[in-house]
There are 2 protein chains.
Amino acid sequence: MSDAKLTTAPIPDEIQEALAISLRGCDELLPQDDWVKKLTRSAQTGTPLRIKLGLDPTAPDIHIGHTVVLNKMRQLQDLGHQVIFLIGDFTTLIGDPSGRDSTRPPLTAEQIQVNAETYKAQAYKVLDPSKTELRYNSEWCDQLGARGMIQLSAKYTVARMMERNDFHQRFHEGNSISLHEFIYPLLQGYDSVALKSDLELGGTDQKFNLMMGRHLQQEYGQEPQCVLTMPLLVGLDGVQKMSKSKNNYIGITEDANTMFAKVMSISDALMWDWYTLLSFMSLAEIAALKLEIEGGRNPRDAKVLLAKEITARFHSGAAAEAAEQDFVNRSRGGVPDDIPDVALPLGEGGALGIGQVLKQANLAPSTSEANRLIDGGGVRVDSSVVSDKGLKLGAGTYVVQVGKRKFARVTLA
Amino acid sequence: MSDAKLTTAPIPDEIQEALAISLRGCDELLPQDDWVKKLTRSAQTGTPLRIKLGLDPTAPDIHIGHTVVLNKMRQLQDLGHQVIFLIGDFTTLIGDPSGRDSTRPPLTAEQIQVNAETYKAQAYKVLDPSKTELRYNSEWCDQLGARGMIQLSAKYTVARMMERNDFHQRFHEGNSISLHEFIYPLLQGYDSVALKSDLELGGTDQKFNLMMGRHLQQEYGQEPQCVLTMPLLVGLDGVQKMSKSKNNYIGITEDANTMFAKVMSISDALMWDWYTLLSFMSLAEIAALKLEIEGGRNPRDAKVLLAKEITARFHSGAAAEAAEQDFVNRSRGGVPDDIPDVALPLGEGGALGIGQVLKQANLAPSTSEANRLIDGGGVRVDSSVVSDKGLKLGAGTYVVQVGKRKFARVTLA
């Protein structure tokens, strides 16, 4: 098969489809021609392509934003390619400096091991474990030894490293870069050499590191990998990228009811982005659904479908059904099945002010915050909105609710 | 012994003298107060200080410019301190980038081993081998492994590394710096940690690397070493630093006659610098000698003393005496004892032109060069200057001389 034939011949439907799946939702696929060649060769020879995703186990758990790349891996896995889930237990010794403005604190070997196990369990909720090659990069990085590290460092220049956006910025803003951070991209690139990777996936902030894999594979006499970057998922607020620190995230270990309700809380516009990046529904199915909504169907129906798909992935189909029912109950003003029971003593006057009730039942952190919530119309007692901050409750049992999701069954005696 | 006592008490004569020996000819001794403290503690406890000199075996032999630092080591060795001659067999894998404007080509392990043996033999012409600790830095560098290399790299920042003059200049002039070159100063500093060095010596161009030893020793919880830099020796031309590429050097493996004659060729002004840096005569003796010269004694006598001392160091006392005699013979226009005999056939005319004689006797590379030498008045036959390029020699034996040092006894038949 000559290159000339590849570029002039029409691309067969099967390859076109694989390319479309590869491109779905992606930010960049570089170089696309090379990827078509690799897909074609794979189809002709029956040899699966080797697709690499490396994750450093720097934090004990991950949110659904992290699964965008895992989903792409799964789609390529379903096409029959060999996906490699690489746990960067060695590179975590450094901490990926990508997009950060300061040096990461190092983790202990124990933390790395615990986090790696958690990552693996979470990744296997998206990937098919029986078809996934699981690797740890300490396997080849330790073998490099001190001499290998020097030989590797000799394969890149300070100037080119400094071209990386975040390094450039930190250097010129006077924020310190430790020398070992320059070694990080080299080690990530060397992983691609060790794994003979055909494609490496990552977030858009990973592009420099992914391109390093191409550079080093050529240095080591290998065909360079292609590079596929995925956009960072926008969080619940519809504005900023999903992140724990911005509290706009869905953790993949959150309970089914919370997960379902959080998906239902996003805007209709954001929903379609999430469909592209988080759903395994085909692009054709999504297009058909969108057409129905444009034709008058309630967008809420599409959101329920997405919430059920995501909830089912991380829990089960049954849990997703139950979460839907819980959500319906609550949005009808109903009370969820499973709410905490709180017993509170009545004061001397035989009644307790609503502010104290909210505070003592852990529905508000303080009485002043409780008053603020009442002013905002977010507090209900037995389904009725409370407007009077001076309300006192006498002996009895009440369902007290703050916002859509915080409930307590309070018994005053 | 408190620090306060040290700084306020008068420094004893013994320490003053050791300090003077340390400072002789040096460019910088940093920090001098710390060095006095170390010398004092050593005298009080009877514990020798550990004095480090590292040399990378990058070239197979060295010139007397390299011995300036070795001489300082020997002076400190004679004071009873422990000198460590460190062969950088590991760091040679990188090649010290100090003062260079491009990346060094790497050496093979075999070249490094051969050069290391040569260096050791040459260093032992200056140092007392029985009192010298000989080490190779592969001993602890290999043990670092890939993880140790990362931990070491984490102890310095890119910005501080970039402050090094040559790195700064190369970066801003767009000359590439390979990443492994940034690791070199760290490894040199780590050698000081491994050796628990009290003082490190080097040329003035080594200051950054020597100071790195202080930084890393503190990082690893050690008392930091002091740093002593020696100026670069000015070469035979009296202008530029001694260097093979500038052909103004005396190789320490050159024969005794050449070595002696080369020392005799330097200017009177340069001679006193060489006394400071190359002679083991005490400063008091040198001062007395200088006074004699100023009082009317021929400076040539002082130069002979220096030439004999240097020649004796690298050969023997007897060889130095012989070299002096050879030099005297030649400067009187006499013929040295040991000159090559060359037999040349006469041509058809029964005579051979002087140009051909010079060329065939290996006294000139070509007849045109021979003509140039004759024009310059540099050619003698039996002590008479040849002025006629057309001179032909008939059958017989002649002493043919080019310049001051090239001779042959030519027999034409």
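Residues numbered from 1 in each chain as written. Chains lettered and ligands numbered in written order. Predicted model: local features only at pLDDT ≥ 70, side-chain atom pairs only at ≥ 80, totals over all residues. Heavy atoms only, no water.

## Regarding the sheet that holds strand β1 (residues 28-30) of chain A
The strands making up a sheet are joined through hydrogen bonds of the backbone, oriented either antiparallel or parallel. Residue and element names in this part refer to chain A. Taken together, the 6 strands give an open sheet; going across it, the order is β1-β6-β5-β2-β3-β4, and neighbouring strands pair in mixed fashion. A single partner strand is all that each edge strand has here, and the edge strands are β1 and β4 (132-136). Put simply, the sheet's adjacent strands are angled 20° from each other on average, direction ignored. The sheet contact formed by strand β2 (residues 50-55) and strand β3 (residues 82-87) spans 6 bridges and is parallel. Bridging from a neighbouring strand, Leu53 pairs with Phe85 of β3. Sheet strands touched by helix α9 (residues 179-195): β2, β3, β4 and β5 (199-203). Its angle to β2, the strand with the most contacts, is close to 145°. (Pairing = 2+ DSSP bridges. Helix = DSSP H or I, 4+ residues; strand = E, 2+ residues; numbered from the N terminus. Axes fitted to C-alpha atoms, helices over the stretch in contact; angles between N-to-C directions. Contact = heavy atoms within 4.5 Å.)

## Details of empty space enclosed by the protein
In this approach, a probe sized like a water molecule rolls over the atoms, and the result shows the empty space that is left. Residue and element names in this part refer to chain B. Under the definition given, this model contains 4 cavities of 30 Å³ or more. Estimated volume of the largest cavity: approximately 40 Å³. For the largest cavity, the full set of lining residues is Ala261, Phe327, Arg330, Ser331, Lys404 and Arg405. Take the lining of the largest cavity: its biggest share by element is 3 residues, from helix α15 (residues 317-331). Residue composition of the lining of the largest cavity, grouped by class: 2 nonpolar, 1 polar and 3 charged. (1 Å grid on protein atoms, 1.4 Å probe; cavity = no way out; pocket = protein on both sides within 12 Å on 5 of 7 lines; lining within 4 Å. Points joined across faces, edges and corners; volume = space filled by probe spheres on them. Nonpolar A, V, L, I, M, F, W, Y, C, P; charged D, E, K, R; others polar.)

## Thoughts on the relation of the copies chain A and chain B
Here chain A sits on chain B after a turn of 179° about the axis and a move of 0.1 Å along it, with an RMSD of 0.5 Å. A rotation of that kind, with that shift, is consistent with a two-fold axis. With an isologous cut-off of 70% or more, the 100% of interface residues of chain A that recur at the interface of chain B puts this contact in the isologous class. (Least-squares fit on C-alpha atoms with pLDDT ≥ 70 in both.)

## Regarding the pairing of strand β6 (residues 226-230) of chain A
Residue and element names in this part refer to chain A. By the criterion of burial, β6 is predominantly enclosed, with 5 of the 5 residues buried. Of the two faces of β6, both are covered, the one formed by Cys226, Leu228 and Met230 as well as the one formed by Val227 and Thr229. Each parallel crossover has a hand, and for β5 linked through helix α10 (residues 207-219) to β6 it is right-handed. (Buried < 20%, exposed > 50% of the residue type's maximum accessible area, 1.4 Å probe, protein only. Right-handed = clockwise from strand over helix to strand, strands pointing away.)

## Quick notes on the domain arrangement of chain A
Residue and element names in this part refer to chain A. Under the domain assignment, chain A is made up of domain 1 (2-230), domain 2 (256-331) and domain 3 (341-412). Using only C-alpha atoms to locate each centre, domain 1 and domain 2 end up separated by 30 Å. Residue-level contacts link 11 residues of domain 1 with 13 residues of domain 2. Summing both sides of the interface, domain 1 and domain 2 together bury roughly 1,100 Å²; the carbon and sulfur share of this comes to 66%. Contact with domain 2 buries area across many residues of domain 1, yet Arg24, Ile64 and Lys125 alone supply 55% of it, more than any other trio. Counting the contacts that link domain 1 with domain 2 gives 0 salt bridges. (Domains from an automatic or database assignment. Buried area = accessible area lost by both parts, 1.4 Å probe. Salt bridge = Lys/Arg side-chain N within 4 Å of Asp/Glu carboxyl O.)

## A look at unusual backbone geometry
Most peptide bonds are trans, and most residues other than glycine sit at a negative phi. In this chain, Leu30 of chain A is followed by Pro31 of chain A through a cis amide linkage whose omega measures -25°. Turning to its location among the elements, Pro31 of chain A is positioned in the loop between β1 and α3 (32-45). Non-glycine residue Asn247 of chain B carries a positive phi angle of around 55°. The topology assignment puts Asn247 of chain B in the loop between β6 (226-230) and α11 (256-264). Here Asn247 of chain B falls in the exposed class, since its relative accessible area comes to 60%. A positive phi angle, near 60°, is found at Asn362 of chain B, a position not held by glycine. Positionally, Asn362 of chain B belongs in the loop between α16 (354-360) and α17 (367-375). With a relative accessible area of 67%, Asn362 of chain B lands in the exposed category.

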